[in-house]
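Observations on the three-dimensional arrangement
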Amino acid sequence: MTKKEVLEEFIGERPEVVGAYGYGSGVFLQSNYHGKKPQNDLILIVEDLKKWHTDNLTINKEDYSLIGKVYLSVASIKRIKGLNKITYVSNIKSNGEVFKYGVIEEKDFIRGLNSWENIFLAGRFHKPTLELKSNKKISNAILKDRESALIVACLLSLPRTSLRDLYIKLCGLSYYGDTRMAFAENPNKVQNIVYGNFEYLEEIYSAIGSKYPFLERKDDILIIDHDAILDNVELLPPSLLSFLIVNCTDITDLIQVRKNIFKFFRQKNAEESMYQTVSSIKTNGIVRSVPYALSKVSKRFKR
């Protein structure tokens, strides 16, 4: 079976979804990867988060830890969604494969990617994803998210930058300030993603970049007109633009803009990654969470 068929079979054994995407090292090659076969990461987009989990608890109760079964059955929808609006269930063994999936409501998914209200979610789609099921609203939100990521990465890059360096900045946006990068992730993770998936990134972002007159490509070099980007500051996602305004950023000053962009990501990523680490214990329990955390730590030393 192909990877897509493996993922589709897994999804087909669970309640209906309106969108589904595979991502991560289990789905896409990362250069310099050493270790056992990685798990398959999925994002499932549903209409009703509480109902989906309730139905799945009946169909696939083995997906959940004991604490997860109790928590998802009794907690309010507000508490289940939490800060990041997505719930993760991990370490699910099926047909010789291991899976982890995050479930999010369609309206939260679209709002998050359009606004960057949650970088934890939006950042997943800056990098390679495998579409398994989608619709026009979901696809448009992903395109908007990627357009925003390209613009921001250009602002953080030199006026003449290699495409490889640009993609490293772009794929790294969701890792600035991420607490897990300090102890539980391979420090070369972003470079490995880019080196292993350069052609895929090219396919996505060369098409997006061709839309903007302030980006000129010459072979593998991108020439960026930063002043022109700042003249079109409305292209930035609403949450980031609001952050720049609240922090009294001089939009004509590229150095100041860059400083506050980094500040935005450090604050958002630190808060959201810490929350997700704690939230995962509620849905997966200690028994499932600890092995997963240890596997992340081990990757740090296998590079």
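Procedures and definitions
- Residues numbered from 1 in each chain as written.
- Predicted model: local features only at pLDDT ≥ 70, side-chain atom pairs only at ≥ 80, totals over all residues.
- Heavy atoms only, no water.
- Helix = DSSP H or I, 4+ residues; strand = E, 2+ residues; numbered from the N terminus.
- Expected span 1.5 Å × (residues − 1).
- Buried < 20%, exposed > 50% of the residue type's maximum accessible area, 1.4 Å probe, protein only.
- Contact = heavy atoms within 4.5 Å.
- Salt bridge = Lys/Arg side-chain N within 4 Å of Asp/Glu carboxyl O.

A separate point is helix 10 (residues 198-209). Look at helix 10: 15 Å from first C-alpha to last across 12 residues, which is about the 16 Å you get at 1.5 Å a residue. Taken as a whole, helix 10 has its buried residues at Leu201, Glu202, Ile204, Tyr205, Ile208 and Gly209. Its buried side turned inward, helix 10 meets helix 7 (136-155), helix 8 (163-172), helix 9 (189-196) and strand 7 (215-218).

The final tally for this structure, using the stated rule, is 15 salt bridges. The closest approach of N and O atoms between Arg14 and Glu13, which form a salt bridge, is 3.6 Å. We classify Glu13 as partly exposed; its relative accessible area is 35%. Asp108 is the partner of Lys81 in a salt bridge, and the nearest nitrogen-oxygen pair spans 2.9 Å. Pair noted here: Lys81 is in helix 4 (residues 77-81) and Asp108 is in helix 5 (residues 106-115), with a separation of 27 residues, a long-range link. Residue classification places Lys81 among the buried positions, given a relative accessible area of 12%. Beyond isolated ion pairs, a larger network of salt bridges with shared partners links Lys81, Lys85, Glu105, Lys107, Asp108, Arg111 and Glu117.

Okay, unusual backbone geometry next. The phi dihedral of Lys85 is positive, around 65 degrees, even though this residue is not glycine. Within the secondary structure layout, Lys85 lies in the loop between helix 4 and strand 3 (86-94). In this structure, Asn95 takes a positive phi of about 50 degrees despite not being glycine. Within the secondary structure layout, Asn95 lies in the loop between strand 3 and strand 4 (97-105).

Geometric descriptors of this kind do not, in isolation, establish any biological role.
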